[in-house]
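Report on the structure
Okay, here's what each chain looks like letter by letter:
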Amino acid sequence: MQPELERELVRKCKSGDAKFYEPLVRAYEPVGLRLAIAMMGNVEDAQDALQEAFIKTYDTLHRFDLRRPFGPWFFQILRNQCRDMLRSRKARFNIEALDEKVDQRPGDAERGPERTRQRNAARELLWKGLERIGTEHREILVLKELEGFRYGEIAQILEIPEGTVASRLFHARHALREVLLAMNAESP
Amino acid sequence: MAGRVSSDDLMRYLDGELSPEERSRVEAELRASTELQREVAIYRGLKADFQELSFHPSTHHKSVWDRVNTRVTRPIGWLSVVAGVAVWMTYGVYVFATSPVDPWEKLATGAVAIGILMLFASVIWERYREWDEDPYRGVHR
């Protein structure tokens, strides 16, 4: 979405016209859902988190600075919503339901059954690794590796200085690497 | 970290966040250090694993917009209802108070009306307390 158009939509929403919120929701929903699924580990909780995040975003629009981009601000609220839900009794990271609820990538069918089986096994191992490293490491890896955000955007979403992103990523990758090595050793 | 490349710079190199000068410096270190090359290969492998993990949420999922829209527009509806009821009640009380009816009748009718309102308010408050303290209210499934 064009930044000017986005700013105009936010401005109209701020003046209380909820119908202008729909294009923003539709534009940010796909990325938001992927992010929430990766944070929560299952589609149902991810949709709940996404819905609550959109509502909280709308309710706090009066505090939003129109000079800033909307995306990182929304993702920051979504990330906090996911963390709150994971902390509360309402949800826990659960990778069990993922495979059947998430579409395969384009080209999966052409790879052949053996390649698909290997890929699914590798995927499952990585999901389990992400589950084990905890929310703090997982969220920064998801933002970088699955969504491809730049360091500046990650810093805004996680509310940390930009200079800290590299160090947080190093610790997260190191933790994941250690966990994957341990898991490989557990299953010969 | 291997050589003179810090772990932060290594991450920024892998993620394409270095300036051209910084990148050249890291690449020079990389050519000189097999240990650093090994580190880079490990982290590149990890990044490649994530590419395999990339997924697309099913296109069959219903948009959350309907639910969001209901929730964001609901307060306006409630506000309108409460404001309307308040205006009608104020007007009713005014008409009733200024009508030429016997004061005893006014008193009795007023007591009935206030009693009903108090009972109604206490039931709503009780229901709210029950809902607020219900440990299972967040369980949907």
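Sequence order as written defines residue numbering, which begins from 1 separately in each chain. Ligands are numbered from 1 and chains lettered from A, in the order in which they are written. Totals for whole chains, interfaces and linings use all residues, but because this is a predicted model, local features are given only for residues with pLDDT of at least 70 and pairs of side-chain atoms are given and counted only at 80 or more.

Right, let's talk about the overall build of chain A for a bit. Secondary structure assignment for chain A yields nine helices and one strand. Two residues qualify as being in contact provided that their C-beta atoms, derived from the backbone, are within 7 Å of each other. Of the contacts formed within chain A by residues at least 6 apart in sequence, a portion of 70% connects residues at least 24 apart. Segments assigned H or I by DSSP are reported as helices when at least four residues long, segments assigned E as strands when at least two residues long, and all are numbered from the N terminus.

A word on the overall build of chain B. Each helix and strand counted, chain B has five helices and one strand in total. Around each residue's C-beta, the other C-beta atoms within 10 Å are counted; 20 or more make the residue buried, 12 or fewer make it exposed, and counts in between make it partly exposed. All C-beta atoms are placed from the backbone. By the burial criterion, 10% of the 141 residues in chain B qualify as buried. Residue pairs in contact within chain B that sit at least 24 positions apart in sequence constitute 52% of those at least 6 positions apart.

Residues of type Ala, Val, Leu, Ile, Met, Phe, Trp, Tyr and Cys that are buried and joined through C-beta atoms within 7 Å form what is called a nonpolar core. Core analysis: the largest hydrophobic core is formed by 57 residues, its most contacted members being A:Ala36, A:Met40, A:Ala49, A:Leu50 and A:Leu78. Here the element with the most residues in this core is helix α2 (residues 21–40) of chain A; it accounts for eleven residues.

To continue, consider the domain arrangement of chain A. Where interface size is quoted, it is often the accessible area lost as the parts come together. Residues and elements named next belong to chain A. Split into domains, chain A comes out as domain 1 (1–102) and domain 2 (105–188). Listed by partner, the interface residues are 15 residues for domain 1 and 13 residues for domain 2. Secondary-structure elements contributing two or more residues to the side of domain 1 that touches domain 2 are α2 and α4 (70–87). A per-element tally of the side of domain 1 that touches domain 2 places α4 first, with six residues. Here the term charged refers only to Asp, Glu, Lys and Arg, the term nonpolar to Ala, Val, Leu, Ile, Met, Phe, Trp, Tyr, Cys and Pro, and the term polar to all other amino acids, Gly among them. Tallied by class, residues from the side of domain 1 that touches domain 2 come to ten nonpolar, two polar and three charged. Where each domain starts and ends comes from a domain assignment, either automatic or drawn from a database.

The next thing to look at is the interface of chain B and chain A. At the interface, 30 residues of chain B touch 36 residues of chain A. Listing elements by their share of the side of chain B that touches chain A, those giving two or more residues are α1 (7–14), α3 (34–53), β1 (56–57) and α4 (65–98) of chain B. Element by element, the count of residues in the side of chain B that touches chain A is highest for α3(B), at eight residues. Split into classes, the residues belonging to the side of chain B that touches chain A amount to twelve nonpolar, nine polar and nine charged.

Let us look at the packing of α2(A) against helix α3 (residues 43–59) of chain A. All names here are of chain A. Only C-alpha atoms enter the line fits that serve as axes; for helices the fit covers just the stretch in contact. Angles between N-to-C directions range over 0 to 180 degrees. At a closest axis distance of 8 Å, the pairing of α2 and α3 adopts a crossing angle of 140 degrees. In terms of orientation, α2 lies oblique with respect to α3. Note on packing geometry: the crossing formed by α2 with α3 is right-handed. Here Tyr21, Val25, Glu29, Gly32, Leu33, Ala36, Ile37 and Met40 of α2 come into contact with α3, specifically with Val43, Asp45, Ala46, Ala49, Leu50, Ala53, Phe54 and Tyr58. Of the residues in the contact of α2 with α3, the class split is 13 nonpolar, one polar and two charged. These descriptions rest on fixed angle ranges, namely under 35 degrees for roughly parallel, over 145 for roughly antiparallel, 65 to 115 for roughly perpendicular, and the rest for oblique. Handedness of a crossing is defined here by the sense of rotation of the near helix relative to the far one, left-handed for an anticlockwise turn of less than a right angle and right-handed for a clockwise turn.

You can see A:Leu78 is positioned in helix α4. Here the alpha-carbon distance between A:Leu78 and A:Lys19, two residues 59 residues apart in the chain, equals 21 Å.

Attention now moves to the confidence of the model for chain B. For chain B, mean pLDDT is 86; residues scoring 70 or higher make up 89% of the total. Here the predicted complex scores 0.72 on pTM and 0.77 on ipTM. The predictor attaches a confidence to each residue, and that confidence, scored 0 to 100, is pLDDT.

Even without a glycine there, the phi angle at A:Glu159 is positive, about 60 degrees. With respect to the helices and strands, A:Glu159 occurs in the loop between α8 (151–158) and α9 (162–186).

This part covers α3(A). Spacing of three or four residues puts side chains on the same side of an α-helix, whose turn is 3.6 residues. How far a helix is expected to stretch is found by multiplying one less than its residue total by 1.5 Å. Taking 1.5 Å as the rise per residue, α3(A) with 17 residues should run 24 Å; its terminal C-alpha atoms sit 24 Å apart, in good agreement. Across the 17 residues that make up α3(A), a large majority, 13, are buried.

Mapped onto the secondary structure, A:Arg83 falls in helix α4. Separated by 53 residues in the primary sequence, A:Arg83 and A:Glu136 have C-alpha atoms spaced 9.1 Å apart.

This brings us to the environment of B:Tyr43. Residues and elements named next belong to chain B. Along the chain, tyrosine 43 falls in helix α3. Classification of tyrosine 43 as partly exposed rests on a count of 19 C-beta atoms within 10 Å. As a C-alpha pair, tyrosine 43 and valine 101 span 58 residues in sequence and 88 Å in three-dimensional space.

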